[in-house]
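Geometric and topological summary
Listed below are the residues making up each chain.
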Amino acid sequence: METSYKEIESVSFPSDLKNLRIAETLIDDVCKNYDVHEDHYGNILISVTEAVNNAIQHGNLEDNSKSVRISIFENEKELRFTISDDGEGFSYDNLPDPTAPENIEKESGRGIFLMKSLADEVAFENNGAKVILTFVTKK
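What counts, and at which threshold
- Residues numbered from 1 in each chain as written.
- Predicted model: local features only at pLDDT ≥ 70, side-chain atom pairs only at ≥ 80, totals over all residues.
- Heavy atoms only, no water.
- Helix = DSSP H or I, 4+ residues; strand = E, 2+ residues; numbered from the N terminus.
- Buried < 20%, exposed > 50% of the residue type's maximum accessible area, 1.4 Å probe, protein only.
- Contact = heavy atoms within 4.5 Å.
- Core = buried A, V, L, I, M, F, W, Y, C linked by side-chain atoms within 4.5 Å.

1. Remarks on the environment of L17
On the secondary structure map, L17 appears in the loop between strand 1 (6–14) and helix 1 (20–33). Residue L17 is classed as partly exposed on the basis of its relative accessible area of 30%. The spacing of L17 and I56 is 39 residues in sequence and 6.7 Å in space, taken between C-alpha atoms. In this view, L17 contacts N53, I56, Q57 and E62; residues no more than four positions away in its chain are not counted.

2. What to know about the nonpolar core
What tends to happen in soluble globular proteins is that the nonpolar side chains get buried as a cluster. Core analysis: the biggest nonpolar cluster contains 28 residues, and I44, V48, V52, F81, I83 and L133 have the highest contact counts within it. Listing elements by their share of this core, those giving two or more residues are strand 1, helix 1, helix 2 (38–59), strand 2 (67–74), strand 3 (78–85), helix 3 (111–118) and strand 5 (130–136). Setting aside residues up to four positions removed in sequence, V52 forms contacts with F13, L20, A23, V68, I70 and I83.

3. A closer look at unusual backbone geometry
A positive phi angle, near 50°, is found at D35, a position not held by glycine. Of note, D35 is situated in the loop between helix 1 and helix 2. Non-glycine residue L61 carries a positive phi angle of around 50°. Mapped onto the secondary structure, L61 falls in the loop between helix 2 and strand 2. Among the residues examined, L61 registers a relative accessible area of 64% and is labelled exposed.

Have a look at this one:
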């Protein structure tokens, strides 16, 4: 049974890497307001900023006329972040393994791996143009 979530915050901004600070400030505020333990804070910060960075760079190709949207939802136990862009999406089921020997030296290609490692649940919608990150923050 799907647990119901209540939207608590939402923001939209142009696809410019300088706007990553908007996402970081939003995460700081939400984690402070919802008394998120520091163990969860780091996972949330890294995962969400990776998703926003991917949306800006890969989804919207750093096109300032396109937007990135972050919405945050909560229920009794979880915080859920949705990050959407205006891009075409991507083949999220067919990504190279960043831990494979041929990829270990590459400077990119770890974002989704990090999200899947740090979030309790990662889902993709709209052909990958929307990422849903869920974090269990309370037992």
